[in-house]
Amino acid sequence: GAVVSQHPSRVICKSGTSVKIECRSLDFQATTMFWYRQFPKQSLMLMATSNEGSKATYEQGVEKDKFLINHASLTLSTLTVTSAHPEDSSFYICSASRADTQYFGPGTRLTVL
Amino acid sequence: GENVEQHPSTLSVQEGDSAVIKCTYSDSASNYFPWYKQELGKRPQLIIDIRSNVGEKKDQRIAVTLNKTAKHFSLHITETQPEDSAVYFCAASTFRGSQGNLIFGKGTKLSVKP
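Residues numbered from 1 in each chain as written. Chains lettered and ligands numbered in written order. Predicted model: local features only at pLDDT ≥ 70, side-chain atom pairs only at ≥ 80, totals over all residues. Heavy atoms only, no water.

Once that is clear, we can look at the overall build of chain B. The helix and strand inventory of chain B stands at 0 helices and 11 strands. From first element to last, N terminus to C terminus, chain B shows the α and β order β-β-β-β-β-β-β-β-β-β-β. In terms of principal-axis extent, the alpha carbons of chain B reach across some 45 × 30 × 20 Å. In the structure as shown, chain B presents an accessible area of about 5,800 Å², 47% of it carried by carbon and sulfur atoms. When the 14 basic and 12 acidic side-chain charges of chain B are each reduced to a single mean position, those positions are 5 Å apart. (Helix = DSSP H or I, 4+ residues; strand = E, 2+ residues; numbered from the N terminus. Areas by Shrake-Rupley, 256 points an atom, 1.4 Å probe, with all protein chains shown as cover. Lys, Arg positive; Asp, Glu negative; His and termini not counted. Charge placed at Lys NZ, Arg CZ, Asp CG, Glu CD.)

Below is the structure:
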């Protein structure tokens, strides 16, 4: 149990476009999901906490108007990178919380040209 | 807020030797400490965790110890194997009810040489 999927696994886009990433908990309901960003050879940096039915809580330094998060149901959270730029290229990973354990999705490799 | 320090950043051991990774945390309210293993390009996988009411936990070749007074916790891997090679992250969380943010250490790249 505790499977989290993420789609797409890889995306390449042009600068200025928007990209939507989906995170789904497949076999459990997740009131809380988290979005992380990971640059090469670095740790996971929490971007925001997504709560079902309410606004996301963003970490300091993360632009909420650029990284739009929607947690429409107990099994789905989406992250939209708006007007993406090359510096947004990174590995984006979501996690879903069941009790006090976080289960991670497989990640999305975003490359902005 | 919470700050997690992890050492060493890289660790190389011979197959069969033990590996120890240490983390310290700053928030005395933190009560949940998981360890994740991440292979290149893949998701972090939970390998073991410990809660603040326990001082030590073991699962086969992996063990974690927690010293709440000193605010540090460690991962011990015995009889290392080449497939243990990966990046290991410690994390700390102040878990309340159903929510708790994980704050990660910077990671340790473990290389196990055959």
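And the narrative resumes.
Attention shifts here to the overall build of chain A. What chain A contains, in helices and strands, is 0 helices and 11 strands. In chain A, the succession of α and β elements from N to C terminus is β-β-β-β-β-β-β-β-β-β-β. In terms of overall dimensions, chain A has a C-alpha envelope of 40 × 25 × 20 Å along the principal axes. Sequence-distant contacts in chain A: of pairs separated by 6 or more residues, those separated by 24 or more amount to 53%. Of the roughly 5,400 Å² of accessible surface on chain A, a fraction of 51% belongs to carbon and sulfur atoms. Seen as two clouds, the 11 positive and the 9 negative side-chain charges of chain A have centres 7 Å apart. (Contact = heavy atoms within 4.5 Å.)

All names here are of chain B. What the 5 strands build is an open sheet, ordered β1-β3-β8-β7-β6; its pairing is antiparallel. Sheet topology places β1 (4-7) and β6 (56-59) at the edges, where each strand pairs with a single neighbour. Across the sheet, the mean angle separating the axes of adjacent strands is 15 degrees when strand polarity is ignored. Pairing between β6 and strand β7 (residues 62-67): 4 bridges, direction antiparallel. Paired with E56 across the strands is T65, a residue of β7. (Pairing = 2+ DSSP bridges. Axes fitted to C-alpha atoms, helices over the stretch in contact; angles between N-to-C directions.)

Turning to the interface of chain B and chain A, a few remarks are in order. In this assembly, 20 residues from chain B lie in contact with 22 residues from chain A. Interface area, chain B with chain A, both sides summed: about 1,700 Å², of which 51% is carbon and sulfur. Counting the surface chain B buries against chain A, the share from its top three residues, B:R43, B:N101 and B:F104, is 28%. On inspection of chain B and its partner chain A, the count reaches 6 residue pairs in polar contact (both at pLDDT 80 or more). Grouping the amino acids of the side of chain B that touches chain A by side-chain chemistry returns 8 nonpolar, 7 polar and 5 charged. (Buried area = accessible area lost by both parts, 1.4 Å probe. Polar contact = N/O pair within 3.5 Å; in protein donor to acceptor, adjacent residues only side chain to side chain. Nonpolar A, V, L, I, M, F, W, Y, C, P; charged D, E, K, R; others polar.)

Let's shift gears to the packing of aromatic side chains. All names here are of chain A. The tally for this structure, following the rule as stated, stands at 12 aromatic pairs over all chains. For the pair Y36 and F104, a centre-to-centre distance of 5.5 Å together with 45 degrees between the ring planes defines the contact as tilted. Of the two residues, Y36 is situated in strand β4 (residues 32-38) and F104 in strand β10 (residues 101-104); the sequence distance between them amounts to 68 residues. Just as Y36 is buried, F104 falls in that class too. (Phe/Tyr/Trp six-rings, centres within 6.5 Å; stacked < 30°, edge-to-face > 60°. Buried < 20%, exposed > 50% of the residue type's maximum accessible area, 1.4 Å probe, protein only.)

This structure, assessed with the given rule, holds 2 disulfides over all chains. Between A:C23 and A:C94 runs a disulfide, and the two sulfur atoms are separated by 2.0 Å. Of note, the bridge from A:C23 to A:C94 carries an S-S torsion of about 80 degrees and is right-handed in sense. With A:C23 in strand β3 (residues 19-25) and A:C94 in strand β9 (residues 90-98), this pair connects stretches of sequence that are 71 residues apart. For the pair formed by A:C23 and A:C94, the shared burial category is buried. Linked covalently through their sulfurs, B:C23 and B:C90 form a disulfide whose S-S length is 1.9 Å. Between B:C23 and B:C90, the disulfide has an S-S torsion of -100 degrees and is therefore left-handed. With B:C23 in strand β3 (residues 19-25) and B:C90 in strand β9 (residues 86-93), this pair connects stretches of sequence that are 67 residues apart. (Disulfide = S-S within 2.5 Å.)

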